[in-house]
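A structural walkthrough
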Amino acid sequence: MIGASMHLFNTLSVNFVAIFLGFACVHLGGISPGSAILKVFTCLLRKLVFPLLIFKTVATARLGGVNFGVLAACACGKSVTMAITWCAAFFFYKTHRPLGDKFLTATVVAAYVTCSDDFAVGFPVIDSLYRDRANMGIYITWNSLMGATFF
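Below is a summary of the structure that appears in this document. Numbering of residues begins from 1 in every chain and follows the order in which that chain's sequence is written. A pLDDT threshold of at least 70 governs which residues receive local features in this predicted model, and a stricter bar of 80 or more applies before side-chain atom pairs are shown or counted, although totals over entire chains, interfaces and linings include all residues. By convention in this description, side-chain values take in all heavy atoms of the structure and omit both hydrogens and water.

This part is about the packing of aromatic side chains. In this scheme Phe, Tyr and Trp rings, the latter by its six-membered ring, pair at centre separations within 6.5 Å, and the angle between planes marks the pair as stacked below 30 degrees, edge-to-face above 60, and tilted otherwise. Within the structure shown, the criterion is met by three aromatic pairs. Taking 4.9 Å as the distance between ring centres and 10° as the angle between the ring planes, the aromatic pair formed by Trp86 and Phe90 counts as stacked. You can see Trp86 and its partner Phe90 sitting in helix H3 (residues 68-92), four residues apart, about one turn around the helix. Here the term buried applies to any residue with accessible area under 20% of the maximum for its type, exposed to any over 50%, and partly exposed to those in between, with areas from a 1.4 Å probe on protein chains only. Note on Phe90: relative accessible area 10%, which makes it buried. A centroid spacing of 5.0 Å and a plane angle of 90° characterise the contact between Phe90 and Phe91, whose relative ring orientation is edge-to-face. Charge over a ring is defined by NZ of Lys or CZ of Arg lying within 6 Å of the ring centre and within 35 degrees of the ring normal. Here the guanidinium or amino end of Lys102 rests over the ring plane of Phe90, the centre of that ring lying 4.7 Å away. A run of H or I in DSSP becomes a helix once it reaches four residues, and a run of E becomes a strand once it reaches two; helices and strands are each numbered from the N terminus.

Shown next as structure tokens:
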């Protein structure tokens, strides 16, 4: 029986190899970032795969065992982090620029700080650590939906 740490190592290895392969394909000219096939692939992921993954996670979740305090803590943590980052970027980054530029820059920086790819990395990591022992998928789904909706 393989332990959780070995499952985590295997999962992260696959993720890093996939990321490196994509990076290499783009920089070696195998894939053009603006190509039609990538636009179709992106559209397919956004319009079909992502909603199906959310539906499957919510439909199969055991909602009776969900700790809503954890969900609220995650949302509050993201909100506080976004507010602090926004204020820091607005008040301390290139302060001589016009107000509109400062506002937009602070908003973009705060969004990048709080947005994460919960499904691509979160699900495999949680699955490798917890397997079927815990209902962790709903927490990842909640964070992803909160990030997409409010942040």
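Now that the structure has been shown, the text picks up again.
Attention now moves to helix H1 (residues 4-27). The span one expects for a helix is its residue count, reduced by one, times 1.5 Å. When the terminal C-alpha atoms of H1 are compared, their 35 Å separation across 24 residues agrees well with the 34 Å that a helix rising 1.5 Å per residue should span. Those residues of H1 not exposed but buried are Thr11, Asn15 and Ala24. Once H1 finishes, Gly29 follows within two positions and takes phi at roughly 90°, a positive value.

Next up on the list: unusual backbone geometry. Most peptide bonds take the trans configuration, and most residues that are not glycine carry a negative phi. Positive phi values are uncommon outside glycine, yet Lys94 reaches one of about 45°. Take Lys94: it is sitting in the loop between H3 and helix H4 (99-114). With relative accessibility at 43%, the residue Lys94 sits in the partly exposed group.

Attention shifts here to the packing of H3 against H4. Simply put, an axis is a line fit to the C-alpha atoms, just over the touching stretch for a helix, and the angle between two N-to-C directions goes from 0 to 180 degrees. At a minimum axis separation of 8 Å, H3 and H4 run at an interaxial angle of 145°. The hand of the H3/H4 crossing is right-handed. Contacts from Lys78, Thr81, Met82, Thr85, Trp86, Ala89 and Phe90 of H3 reach H4 at Leu99, Lys102, Phe103, Ala106, Thr107, Val109, Ala110, Ala111, Val113 and Thr114. Polarity classes work like this: nonpolar for Ala, Val, Leu, Ile, Met, Phe, Trp, Tyr, Cys and Pro, charged for Asp, Glu, Lys and Arg, and polar for all others, with Gly in that last group. Along the lines of polarity and charge, the residues of the contact of H3 with H4 split into 11 nonpolar, four polar and two charged. A clockwise turn of the near helix away from the far one marks a right-handed crossing, whereas an anticlockwise turn of less than a right angle marks a left-handed crossing. Contacts are assigned to residue pairs with any non-hydrogen atoms lying within 4.5 Å of each other.

What follows is about a nonpolar patch on the surface. For patch detection, residues must exceed 30% relative accessible area and be free of salt bridges, and they are connected within 9 Å for like charges or within 5 Å for nonpolar side chains (Val, Leu, Ile, Met, Phe, Trp, Tyr). Calculation of accessible area relied on Shrake-Rupley with a 1.4 Å probe; when residues are assessed, cover is drawn exclusively from the protein chains displayed. Just to be clear on terms, a salt bridge is a Lys or Arg side-chain nitrogen sitting within 4 Å of an Asp or Glu carboxyl oxygen. Residues Phe41, Leu44, Leu45, Leu48, Val49 and Leu52 make up a contiguous nonpolar surface patch of roughly 510 Å² in combined accessible area. Here Phe41 shows up in helix H2 (residues 36-60). Taking the relative accessible area as the measure of exposure, Phe41 reaches 45% and is therefore partly exposed.

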